[in-house]
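So the chains spell out like this:
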Amino acid sequence: MNPHSDIEKILVDEKTILNRIDEMAAQINTEYADEDNIIIVSILKGAFMFTSDLVKRLTVPHIVDFMALSTYGEKSEASGEVRVIMDLRHPVQNQHVLIVEDIFDTGLTLQFLERILQSRNVASLKKCVLTQKEGRENPSLNIDYLGFTIPDVWVVGYGLDYADKHRTLPYIAELKQEVYL
Ligand code: PRP
């Protein structure tokens, strides 16, 4: 079946994504210019495409590490539970860590990550997030580098999925309601 038939409309096209990543990478390169090394912590699966395009544009010394997380239960602040499926390979103590995430939806994942990485005594911790749903801003969970604010609809593509499908579309799109209702 053609995956494109599940798409309502494209919200952010490929060129716009890559142009924004150019800008985000430039900002990161400037702000970390004095550091010897940063550890990019990419959150699987959703962040794999964003991470790939972002790190190609980094000129500051860095290594890339991955963490896979899974959410159980209803994804709400109250009942959602995040678990580590695969942990980092590298120790992060005294390291400058930059989390790379595809989306801030409820914020539960980032909140969880921030807590566990801070407990490992990192030298610094920042968050680089490609998309945030409109109206989800959370003053206690500041995003240091944000790509786009997107409408509060089901989005797929560029790493984002519906039941693991449509992740590899090169753009961010709204899923047709009939697919998930
Ligand atoms: C998605 C996404 C983020 C998280 C954001 O991951 O990739 O990691 O949800 O949502 P939140 O702000 O409500 O926590 P998901 O758990 O669906 O796993 P996946 O990345 O493997 O698709």
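First, a word on what this report is: a plain description of the structure on this page. (Residues numbered from 1 in each chain as written. Predicted model: local features only at pLDDT ≥ 70, side-chain atom pairs only at ≥ 80, totals over all residues. Heavy atoms only, no water.)

Here we come to the environment of V12. As for its position among the elements, V12 is in strand β1 (residues 7–12). Sequence separation between V12 and E101 is 89 residues, and the spatial gap between their C-alpha atoms is 17 Å. Each residue touching V12, except ones within four places of it in the same chain, is listed here: I17, F148, I150, Y171 and I172. (Helix = DSSP H or I, 4+ residues; strand = E, 2+ residues; numbered from the N terminus. Contact = heavy atoms within 4.5 Å.)

So, about the packing of aromatic side chains. Applying the stated criterion across every chain yields a total of two aromatic pairs. Measuring from centroid to centroid gives 5.2 Å for W154 and Y162, while their planes differ by 80°, and the two rings are edge-to-face. Ring centres 5.1 Å apart and planes at 40° place the aromatic pair W154 and Y180 in the tilted group. Of this pair, W154 sits in the loop between β7 (145–150) and β8 (155–156) while Y180 sits in helix α4 (residues 177–180); the two residues are 26 residues apart in sequence, bridging distant segments of the chain. The class for W154 is partly exposed, based on a relative accessible area of 36%. Here Y180 falls in the partly exposed class, since its relative accessible area comes to 26%. Of the aromatic side chains, those joined through ring pairs into one cluster are W154, Y162 and Y180. The positively charged end of K126 is found above the aromatic ring belonging to Y32, 5.4 Å away from the centroid. (Phe/Tyr/Trp six-rings, centres within 6.5 Å; stacked < 30°, edge-to-face > 60°. Buried < 20%, exposed > 50% of the residue type's maximum accessible area, 1.4 Å probe, protein only. Lys NZ or Arg CZ within 6 Å of the ring centre and 35° of its normal.)

So, about the sheet that holds β8. Taking strand neighbours across the sheet as the criterion, the three strands line up as β1-β9-β8 in an open arrangement whose pairing is antiparallel. Strands at the two margins of the open sheet, each flanked by one partner only, are β1 and β8. (Pairing = 2+ DSSP bridges.)

Moving on, we get to the packing of helix α1 (residues 14–31) against helix α2 (residues 48–55). Between α1 and α2, whose axes approach to 9 Å, the crossing angle comes to 60°. In terms of orientation, α1 lies oblique with respect to α2. Regarding α1 and α2, the two cross each other, and that crossing is right-handed. Contacts from L18, I21, M24, A25 and I28 in α1 reach F50, D53 and L54 in α2. (Axes fitted to C-alpha atoms, helices over the stretch in contact; angles between N-to-C directions. Parallel < 35°, antiparallel > 145°, perpendicular 65-115°, else oblique. Left-handed = near helix turned anticlockwise from the far one by under 90°.)

In terms of nonpolar packing, the biggest core is built from 27 residues, with I28, F50, L54, C128, Y158 and I172 touching the most fellow members. Going through the elements one at a time, α1, β2 (38–44), α2, β5 (96–104), β6 (124–133) and β7 are the ones with two or more residues in this core. Here this core gets five residues from one element, more than from any other, and that element is α1. What L54 contacts, discounting residues up to four positions off in sequence, is I21, M24, A25, I28, V100 and C128. Residues V41, L69, V92 and I99 belong to the second largest nonpolar core, which totals 22 residues. (Core = buried A, V, L, I, M, F, W, Y, C linked by side-chain atoms within 4.5 Å.)

Here the focus is the pattern of salt bridges. Scanning the entire structure with this criterion turns up 15 salt bridges. Note that E114 and K127 form a salt bridge whose closest N and O atoms lie 2.7 Å from each other. Of this pair, E114 sits in helix α3 (residues 108–118) while K127 sits in strand β6, placing them 13 residues apart in sequence. The two residues E114 and K127 agree in class, both being buried. Among the ionic contacts, a cluster of salt bridges with common partners joins K45, D161, D164 and R167. (Salt bridge = Lys/Arg side-chain N within 4 Å of Asp/Glu carboxyl O.)

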